[in-house]
Amino acid sequence: MRSRTANRSGIVLRRIVTPAGDIIVTLLTPQGKLKAIARGGVRGPLSSILNLFHHVQVQVYQTPGNDLVTAKQAALEGALPTLAQPERYPYAHLLTELADTLFQEGELSETAFELYAASLRGISRHPDPEWVSLVMSYKLLALAGFIPQTAYCSLCGSVDPEHPDPLGGQLLCRSCASQAAYLPDVLDFLRMVPKVSVRLWMENPLEARERTQLWQALERFVAVQVGRVQSWRVNLPELAGA
C-alpha cells in the first residue's frame, strides 16, 4: 500500500494565516511547487518555522479526497535574516512573487529551485540587491520559457527594433513606435540576458535610468505573458506611473 506521508524540502514562497489559526504555505521544491496546510499552526512551533523565504524540511500527509496536503512537522534547514532589512526585503518579495507566478504546482524543476534559491542568497548578501533582483528576474523568466522577442518588431516584423512596446514589453521598430528608443546598454541587456552568465552581469551593473527602463519592460512583458506581479508596483516607484 502506497504511503500518503512524504518529506519535502523547499523554500516558502507564500504564507497565509486563516481566521481559524491555520497556516497555508506554498513551497518551491526541487519536485515543483507544493501547497500545504499546518492546522492550528499559529499556536505551535510551526509558526516561526513556516515563514517567508525560509528553507524548510516538511513532513506532509495526503488526506484522501483533499488536494491540499497537511504539514504535520517542519524543521528549519536555512534562513537568510538579512532579507528582513528594508533595503533588501522588497526585492526578495517581488522576486518571490514572480517565481510563484511563473512556476505551477506539479512541475518538476530542480533548476528552477536552485536558481530561485541562488537569487535569494544574492539579494541577502550583495551590496546591490536591486541589480541582483533585476537580473535574476529576467533569468527566471527565461528558464520558464518566457523570452521577449528582440530580433524583430513585435508589430511588423522589421529587424533590429530599438523602441519600447508600451503594451506588451516587446520591441518595436521606429515606424511602429510612439516612444524614444531604448538606451544602448538597455538594448544590449534585453538581447543578451538569456545568454550571458549571472556573474558577468553582476560585474557590469547598469545605471539607475537604464534599470528603470528594464523594470518597465519586464513588468509589461510579464503582465501580458504570465500575469500581473502586484508587489512590483508596490515596491518600485518607477513602475507606479508606468
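- With an unreviewed UniProt entry as reference, the chain is termed DNA repair protein RecO, source organism Deinococcus ruber.
- Quoted verbatim from the Function (unreviewed entry) heading of the UniProt record, the comment on the chain is "Involved in DNA repair and RecF pathway recombination."
- Within the UniProt record for the chain, the comment given under Sequence similarities (unreviewed entry) is "Belongs to the RecO family."

### Overview of the overall build of the chain
Thought 1: On a plain count of helices and strands, the chain comes out with nine helices and seven strands.
Thought 2: Taking 2.2 N^0.38 as the reference for a compact globule, 242 residues should give roughly 18 Å; the C-alpha atoms of the chain span a radius of gyration of 20 Å, in line with that estimate.
Thought 3: Along the three orthogonal principal directions, the C-alpha set of the chain runs to about 65 × 40 × 35 Å.
Thought 4: Counting only residues that meet the buried cut, the chain has 47% of its 242 residues in that class.
Thought 5: Put simply, 59% of the contacts in the chain that link residues at least 6 apart link residues at least 24 apart.
Thought 6: Counting every atom, the chain has about 12,000 Å² of accessible surface; 51% of that belongs to carbon and sulfur.
Thought 7: Looking at the chain, you have 23 positive and 22 negative side-chain charges, and the mean spots of the two groups are 8 Å apart.

### Things to note about the side chain of Arg-88
Thought 1: Within the secondary structure, Arg-88 sits in the loop between strand 5 (69-78) and helix 2 (89-102).
Thought 2: Those residues in contact with Arg-88 that lie beyond four places of it in its chain are Thr-82, Leu-83, Ile-123, Ser-124, Arg-125, His-126, Pro-127 and Pro-129.

### With respect to the packing of helix 2 against helix 4 (residues 129-143)
Thought 1: At a closest axis distance of 9 Å, the pairing of helix 2 and helix 4 adopts a crossing angle of 5°. It follows from the interaxial angle that helix 2 and helix 4 lie roughly parallel. The segment helix 2 lies against helix 4, with Tyr-91, Leu-94, Leu-95, Leu-98, Ala-99 and Leu-102 engaging Pro-129, Glu-130, Ser-133, Met-136, Ser-137, Leu-140 and Leu-141.
Thought 2: Grouping the amino acids of the contact of helix 2 with helix 4 by side-chain chemistry returns 10 nonpolar, two polar and one charged.

### Quick word on unusual backbone geometry
Of all residues except glycine, most have a negative phi; of all peptide bonds, most are trans.
Thought 1: Positive phi is not limited to glycine here, since Phe-53 has a value of about 75°.
Thought 2: Judged by relative accessible area, Phe-53 falls into the buried class, the value being 9%.
Thought 3: Positive phi values are uncommon outside glycine, yet Asp-160 reaches one of about 55°.
Thought 4: Looking at the secondary structure, you find Asp-160 in the loop between helix 4 and strand 6 (163-164).

### Regarding the state of the cysteines
Thought 1: Overall, the coordinates contain zero disulfides when judged by the stated rule.
Thought 2: This cysteine, Cys-173, is not joined by any disulfide, and Cys-156 carries the nearest cysteine sulfur, 3.6 Å off.

### So, the pattern of salt bridges
Thought 1: The full count for this structure, using the stated rule, is five salt bridges.
Thought 2: Taking the shortest distance from any N to any O, the salt bridge between Lys-33 and Asp-100 comes out at 2.7 Å. One end of the pair, Lys-33, is in strand 3 (residues 32-38); the other, Asp-100, is in helix 2, and 67 residues separate them in sequence.
Thought 3: Look at Lys-33 and you get buried, because its relative accessible area is 11%.
Thought 4: Between Arg-211 and Glu-130 there is a salt bridge, with its nearest N and O atoms 3.0 Å apart. Highlighted residues: Arg-211 in helix 7 (residues 208-225) and Glu-130 in helix 4, separated in sequence by 81 residues. Residues Arg-211 and Glu-130 agree in their burial class; the two are buried.
Thought 5: Here the salt bridges do not stand alone but share partners, grouping Arg-14, Lys-33 and Asp-100 into one network.

### Considerations on the packing of aromatic side chains
Thought 1: Enumeration over the complete set of coordinates arrives at four aromatic pairs.
Thought 2: For the ring pair Trp-131 and Phe-189, a centre distance of 5.7 Å and an interplane angle of 55° mean the geometry is tilted. You can see Trp-131 sitting in helix 4 and its partner Phe-189 sitting in helix 5 (residues 184-192), a full 58 residues away along the chain. Across this residue pair, the class does not change: Trp-131 and Phe-189 are buried.
Thought 3: Through successive ring pairs, a cluster of aromatic residues spans Trp-131, Tyr-138, Phe-189 and Trp-201.
Thought 4: Taking NZ or CZ as reference, Lys-72 lies 5.8 Å from the ring centre of Tyr-61, over its face.

What counts and what doesn't
- Residues numbered from 1 in each chain as written.
- Predicted model: local features only at pLDDT ≥ 70, side-chain atom pairs only at ≥ 80, totals over all residues.
- Heavy atoms only, no water.
- UniProt positions renumbered as here; feature names shortened; annotations may be inferred.
- Helix = DSSP H or I, 4+ residues; strand = E, 2+ residues; numbered from the N terminus.
- Rg over C-alpha atoms; globule rule 2.2 N^0.38 Å.
- Buried < 20%, exposed > 50% of the residue type's maximum accessible area, 1.4 Å probe, protein only.
- Contact = heavy atoms within 4.5 Å.
- Areas by Shrake-Rupley, 256 points an atom, 1.4 Å probe, with all protein chains shown as cover.
- Lys, Arg positive; Asp, Glu negative; His and termini not counted.
- Charge placed at Lys NZ, Arg CZ, Asp CG, Glu CD.
- Axes fitted to C-alpha atoms, helices over the stretch in contact; angles between N-to-C directions.
- Parallel < 35°, antiparallel > 145°, perpendicular 65-115°, else oblique.
- Nonpolar A, V, L, I, M, F, W, Y, C, P; charged D, E, K, R; others polar.
- Disulfide = S-S within 2.5 Å.
- Salt bridge = Lys/Arg side-chain N within 4 Å of Asp/Glu carboxyl O.
- Phe/Tyr/Trp six-rings, centres within 6.5 Å; stacked < 30°, edge-to-face > 60°.
- Lys NZ or Arg CZ within 6 Å of the ring centre and 35° of its normal.

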